[in-house]
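Okay, here's what each chain looks like letter by letter:
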Amino acid sequence: MDKKLFDYVIGNPPYQDKTIGDNGTYAPPIYDKFMDISYELADKVELIHPARFLFNAGSTAKAWNKKMLEDSHFKVIDYFEHSTDVFPNTVIKGGIVISYHDDKKEYGAIKIFAPYPELNNILKKVTGRIDFVGINTIMVTSYAYHFLNTIYEDFPQAKGLLSKGHEFDFKSNVFEKMDLVFSKNKTGNDCIRVLGRVNNERIYRFISSKYINDVINLHNYKVFLPGAIGTGKYGETISAPIIGYPSDAATETFLSLGNFKSKNEAENAIKYIKTKFCRSLYGILKRTQANTPGKWKYVPLQNFDSESDIDWSKSIPEIDQRLYEKYGLNEKEINFIETHVKEMA
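None of the values given here were measured: they were computed from a predicted structure. Per chain, residue numbering runs from 1 following the sequence as it is written. Since the coordinates come from a predicted model, pLDDT governs what is reported: local features require at least 70, and pairs of side-chain atoms require 80 or more to be given and counted, while whole-chain, interface and lining totals use all residues. Neither water nor hydrogens contribute to the side-chain values; these are computed over all heavy atoms in the structure.

This paragraph deals with the side chain of lysine 222. Helical segments are the DSSP runs of H or I of at least four residues, strand segments are the runs of E of at least two, and each set is numbered from the N terminus. Mapped onto the fold, lysine 222 is located in strand β8 (residues 221-226). A 1.4 Å probe rolled over the protein chains alone gives each residue an accessible area, and that area as a share of the maximum for its type sets the label: buried under 20%, exposed over 50%, partly exposed in between. Note on charges: Lys and Arg go in the positive column, Asp and Glu in the negative column, and His and the chain ends are not counted at all. Salt bridges are identified by distance alone: a Lys or Arg side-chain nitrogen within 4 Å of an Asp or Glu carboxyl oxygen. Salt bridges are absent for the buried lysine 222, whose nearest opposite-charge side chain, aspartate 248, sits at 5.8 Å. Side-chain polar atoms of lysine 222 contact the backbone oxygen of leucine 218, separated by 3.0 Å. Between N or O atoms, a polar contact is any pair within 3.5 Å; within protein, one atom must be a potential hydrogen donor and the other a potential acceptor, and residues adjacent in sequence are included only when both atoms are from side chains.

Structural data, given as structure tokens:
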């Protein structure tokens, strides 16, 4: 379309299509469709809509999220972490954003959205280093473990206990659904200890290693983290990480970090996770409850062994100070982290 129908479009498009599907807990987003159409209709478009796509979260297509973050004609006018600041009594996870799109102007692609100027500066300093590697590169997804066919060969009565299409999944309720294949105590040298949750409590069950697939860090130390943490509020604390020992696995309730040779490395990794510095960068993409390896990609990987440039024997606040120094943070940036990120013991 050479000439647009309108000079300006200003509005608050509908966010979800509640007429599709029979799942009362989910309605697909449609605000992205309205945004695309608005850009076709007018050169200048100002809209208010959910912000989750800015963090590559939510149910909008990943390709569309990428397109928007790389659109040099698109910018954010204002971001509200709490939707109730704009719409009282309406909770929209990930917040609300007022955006502006102008075909005639170049603003520079957002690429990575950080809701605070100080945080954006910190992000550039950290990820701009030539040695930057994200800690997500040593993380293992919560969907890593599965049953093998051998489980149904030895326990034919277990067939049908898990829902169709998920017969091999280590779902969060697998201890209850497949109770007959797990034991409360170790029954042999080939047993794998599996971490899960029952009645909102972390518990372990044992199963023979011949019934589950091998995973890269199964036989080494690692750190388990819940697959769902908090609310997505920036700077919030996270549920206590827990050390995974060699031959420890987990249900889909947990993902894991590391493939460590020693318990000490795992303990040091937990200290790092608890630092305000680490969680300040984690919070950039963590805008909902979901905790996946991708949410950690802006957190720089550290050396957790005795050769590290970080003295892990120090207290967490002291480690934070060393990290601020390592990444060249100024007083304003340090103060931002210290005042916006909650302390963890």
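With that settled, consider empty space enclosed by the protein. Buriedness for pockets is judged along seven lines, at least five of which must meet protein on both sides within 12 Å for an open set on the 1 Å grid over protein atoms alone, while cavities are sets there where a 1.4 Å probe fits but cannot get out, and lining residues have an atom within 4 Å of a point. Grid points are joined across faces, edges and corners, and a volume is the space filled by probe spheres set on the points. On inspection of all chains with the given rule, the structure shows two cavities of 30 Å³ or more. Considering the residues around the largest cavity, the lining is formed by Gly232, Lys233, Tyr234, Gly235, Glu236, Ile238, Arg279, Tyr282, Gly283 and Lys286. Roughly 40 Å³ of internal volume is contained in the second largest cavity. Every residue along the wall of the second largest cavity is listed here: Thr141, Ser142, Ala144, Tyr145, Phe224, Ala250, Thr251, Phe254, Leu255 and Ser256. Broken down by element, the residue count for the lining of the second largest cavity peaks at three residues, all from strand β11 (residues 254-260). Basically, the charged four are Asp, Glu, Lys and Arg, the nonpolar ten are Ala, Val, Leu, Ile, Met, Phe, Trp, Tyr, Cys and Pro, and anything else, Gly included, counts as polar. For the lining of the second largest cavity, a count of residues per class yields six nonpolar, four polar and no charged.

A few words now on the domain arrangement of the chain. Here the domain parsing of the chain yields domain 1 (6-113) and domain 2 (135-340). All domain edges in this entry derive from an automatic or database-based domain assignment. Centre-to-centre, using C-alpha coordinates, domain 1 lies 32 Å away from domain 2. Here, two residues are considered to be in contact whenever any of their heavy atoms come within 4.5 Å of each other. Counting residues at the interface gives nine residues for domain 1 and nine residues for domain 2. Once two parts are put together, the accessible area they lose, assessed with a 1.4 Å probe and summed over both, is termed the buried area. Here domain 1 packs against domain 2, burying approximately 790 Å² in sum over the two surfaces, 57% of which is carbon and sulfur. At the surface where domain 1 touches domain 2, the tally comes to zero salt bridges. Taken together, domain 1 and domain 2 are joined by two residue pairs in polar contact (both at pLDDT 80 or more). Its residues assigned to classes, the side of domain 1 that touches domain 2 shows four nonpolar, two polar and three charged.

With that settled, consider the pattern of salt bridges. For the coordinates displayed, the defined rule picks out 14 salt bridges. Among the charged side chains, a salt-bridge network with shared partners connects Lys4, Asp43 and Asp103.

Our next topic: the packing of helix α3 (residues 117-127) against helix α9 (residues 331-340). The convention used is that axes are lines fitted to C-alpha atoms, helices contributing only their stretch in contact, and that angles between N-to-C directions extend from 0 to 180 degrees. For the pair α3 and α9, interaxial distance at closest approach is 9 Å and the crossing angle is 110°. Between α3 and α9, the interaxial angle falls into the category roughly perpendicular. The crossing of α3 and α9 is left-handed. Listed contacts from α9 to Glu118, Leu119, Asn121, Ile122 and Lys125 of α3 are Lys332, Glu333, Phe336 and Ile337. In terms of residue class, the contact of α3 with α9 is made up of four nonpolar, one polar and four charged. Oblique is the label for any angle not covered by the other classes, which are roughly parallel (under 35 degrees), roughly antiparallel (over 145) and roughly perpendicular (65 to 115). Left-handed describes a crossing whose near helix is turned anticlockwise from the far helix by less than a right angle; the clockwise case is right-handed.

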